[in-house]
Amino acid sequence: KKYKYTLILDLDETLIYLQNKDSLKIDTNSIILRPYLNEFLHEMKSIYELIIFSENSQEYVEPIIDLIQIKEKYFDYVLCKPFISYDSNGHEIKDISLLGRNLKNVIVIDNIKQYYKSKENLICIKSFFGDINNDKKTLKLLGSALKEIKIDSW
């Protein structure tokens, strides 16, 4: 399927919270999904090319992605540590220009704005630390807004 728009999503503290990051075992008991995550991804998949862009290693990210995609494959690409570049001060940068997409059609969702040189594609959302009682609407509201952006832009 050819998408007109690309949605780049951060993983940690944006879509999920990993309790006990020091554990070598990542399973359903250690991951807390942000409320409404699967519904959000299912809805967005019909509109956007979905890309995960994480600053973590592939060994860390892959088992989490596998748990998120148990019922349905959402992500077209998963980018990890090797795709991170560094600015002149040695800070990590998620350089979305390297993806080869028309940046006018790219939206980034992340909880840390410092990863991006250019902020015009970024929607910076509140960090998720596993408290599902205080974060029931973030992805629901974001999904509604992203559907409107797509509809208004066609």
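Residues numbered from 1 in each chain as written. Predicted model: local features only at pLDDT ≥ 70, side-chain atom pairs only at ≥ 80, totals over all residues. Heavy atoms only, no water.

Caption draft 1: Spatial organisation of the overall build of the protein. Looking only at helices and strands, the protein has three helices and nine strands in total. When the elements of the protein are put in sequence order from the N terminus, they spell out β-β-β-α-β-α-β-β-β-β-β-α. The C-alpha radius of gyration of the protein comes to 15 Å, within 12% of the 15 Å expected for a compact globule of 154 residues. Dimensions of the protein, computed from the C-alpha atoms along their principal axes, are close to 45 × 40 × 30 Å. Of all 154 residues assigned to the protein, the portion counted as buried reaches 46%. If you take every contact in the protein between residues at least 6 apart in sequence, the share linking residues at least 24 apart comes to 65%. With the model as given, the accessible surface of the protein reaches about 8,700 Å², and the carbon-plus-sulfur share is 51%. Positive and negative side-chain charges of the protein, numbering 22 and 23 respectively, have mean locations separated by a distance of 6 Å. (Helix = DSSP H or I, 4+ residues; strand = E, 2+ residues; numbered from the N terminus. Rg over C-alpha atoms; globule rule 2.2 N^0.38 Å. Buried < 20%, exposed > 50% of the residue type's maximum accessible area, 1.4 Å probe, protein only. Contact = heavy atoms within 4.5 Å. Areas by Shrake-Rupley, 256 points an atom, 1.4 Å probe, with all protein chains shown as cover. Lys, Arg positive; Asp, Glu negative; His and termini not counted. Charge placed at Lys NZ, Arg CZ, Asp CG, Glu CD.)

Caption draft 2: Region of the structure containing the pattern of salt bridges. The tally for this structure, following the rule as stated, stands at eight salt bridges. Between Asp10 and Lys94 there is a salt bridge whose closest N-O contact spans 2.9 Å. Here Asp10 is found in the loop between strand S1 (5–9) and strand S2 (16–18), whereas its partner Lys94 is found in the loop between strand S7 (92–93) and strand S8 (106–110), with 84 residues between them in sequence. Across the salt bridge formed by Asp135 and Arg34, the nearest N and O atoms sit 2.6 Å from each other. Placement of the pair is Asp135 in the loop between strand S9 (122–124) and helix H3 (138–153) and Arg34 in the loop between strand S3 (31–33) and helix H1 (37–45), with a sequence separation of 101 residues. Connected via shared salt-bridge partners are Asp10, Glu55, Lys94 and Asp110. (Salt bridge = Lys/Arg side-chain N within 4 Å of Asp/Glu carboxyl O.)

Caption draft 3: Here's a closer look at the sheet that holds S8. As summarised here, the arrangement of the five strands in space is S5-S4-S1-S8-S9, forming an open sheet in which the pairing is parallel. Every other strand in the sheet has two partners, leaving strand S5 (77–79) and S9 as the edge strands with one partner each. Averaged over all pairs of adjacent strands, the angle between strand axes in this sheet comes to 20 degrees, irrespective of strand direction. Two strands pair when backbone bridges link them, and S1 and strand S4 (residues 48–53) are joined in this way by five bridges, in the parallel orientation. (Pairing = 2+ DSSP bridges. Axes fitted to C-alpha atoms, helices over the stretch in contact; angles between N-to-C directions.)

Caption draft 4: Broad picture of the nonpolar core. Counting residues in hydrophobic clusters, the biggest one holds 31 residues, and the most contacted among them are Leu7 and Leu9. Counting only elements with at least two residues in this core, the list comes to S1, S2, H1, S4, helix H2 (58–68), S8 and H3. With five residues, H2 is the single largest residue contributor to this core. Grouped together as the second largest cluster of nonpolar side chains are twelve residues, Ile8, Val106, Tyr115 and Tyr116 included. (Core = buried A, V, L, I, M, F, W, Y, C linked by side-chain atoms within 4.5 Å.)

Caption draft 5: The pairing of S1, seen in detail. The buried fraction of S1 is high, at five of five residues. Of the two faces of S1, both are covered, the one formed by Tyr5, Leu7 and Leu9 as well as the one formed by Thr6 and Ile8. Alignment of S1 against S8, held across four bridges, turns out to be parallel. Across the sheet, Leu9 pairs through a bridge with Ile109, a residue of S8.

Caption draft 6: Structural view of the pairing of S8. Of all five residues making up S8, five are buried, and the element is well covered by its neighbours. Side-chain alternation along S8 places Val106, Val108 and Asp110 on one buried face and Ile107 and Ile109 on a second face that is also buried. Examined bridge by bridge, S8 and S9 share three bridges and lie parallel to one another. By the bridge assignment, Ile109 is partnered in S9 with Ile123.

Caption draft 7: Representation of the environment of His42. By the secondary structure assignment, His42 is in helix H1. Residue His42 is classed as partly exposed on the basis of its relative accessible area, which comes to 44%. For His42 and Lys73, which are 31 residues apart along the polypeptide, the C-alpha to C-alpha distance reads 8.9 Å. In this view, His42 contacts Glu72 and Tyr74; residues no more than four positions away in its chain are not counted.

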